Amino acid sequence: SDHDGVVSKAALMVSGVNTEGNREILGVRIGDSESEAFWRDTFDWLKGRGLTDVSFIVPDSHKGMGAALRRSFQGVIWQRCQ
């Protein structure tokens, strides 16, 4: 526990659509914030687990995600969730 109190954390759930068109949960991560470093680490973790052929990403407006996306998935189409 973090000093037996309430602590704010970022919870990321990443899902994707496979080649058959089915949605899959790719991973869940807990971190201190939605910083660029945390997103970059999350994308590197997913790639290390075998994530390839990413062509389209539809995120909410997460702090730090844009720079991490540009570094981790160059050329991918990025459209904010509405």
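If you're wondering where the values come from, they're calculated on a predicted model, not measured in any experiment.

Chemist: Which residues make up the side chain of T42, and what values go with them?
Modeler: Following the sequence through the fold, T42 ends up in helix α1 (residues 36–48). The contact partners of T42, leaving out residues within four places of it in the chain, are L12, V14 and R29.

Chemist: So, the packing of aromatic side chains: which residues are in play, and what are the values?
Modeler: Enumeration over the complete set of coordinates arrives at two aromatic pairs. Ring centres of W39 and F43 lie 5.5 Å apart, and the angle between their planes is 35 degrees; this geometry places the pair in the tilted category. Taken as a pair, W39 and F43 lie in helix α1 at a separation of four residues, close to a single helical turn. By relative accessible area, F43 is classed as buried at 5%. Seen from their ring centres, F43 and F73 are 5.2 Å apart, and the 70 degrees between their planes marks the pair as edge-to-face.

Chemist: Account for a nonpolar patch on the surface, naming residues and giving values.
Modeler: A cluster of nonpolar side chains, contributed by M13, I25, V28 and I30, occupies part of the molecular surface with about 410 Å² of accessible area. In terms of residue count, strand β2 (residues 23–31) provides more of the nonpolar patch than any other element does, three residues in total. Inspection of the secondary structure puts V28 in strand β2.

Rules used throughout
Residues numbered from 1 in each chain as written. Predicted model: local features only at pLDDT ≥ 70, side-chain atom pairs only at ≥ 80, totals over all residues. Heavy atoms only, no water. Helix = DSSP H or I, 4+ residues; strand = E, 2+ residues; numbered from the N terminus. Contact = heavy atoms within 4.5 Å. Phe/Tyr/Trp six-rings, centres within 6.5 Å; stacked < 30°, edge-to-face > 60°. Buried < 20%, exposed > 50% of the residue type's maximum accessible area, 1.4 Å probe, protein only. Patch = residues over 30% accessible without salt bridge, like charges linked within 9 Å, V, L, I, M, F, W, Y side chains within 5 Å. Areas by Shrake-Rupley, 256 points an atom, 1.4 Å probe, with all protein chains shown as cover. Salt bridge = Lys/Arg side-chain N within 4 Å of Asp/Glu carboxyl O.

Limitation: the analysis is restricted to geometry and does not speak to function.
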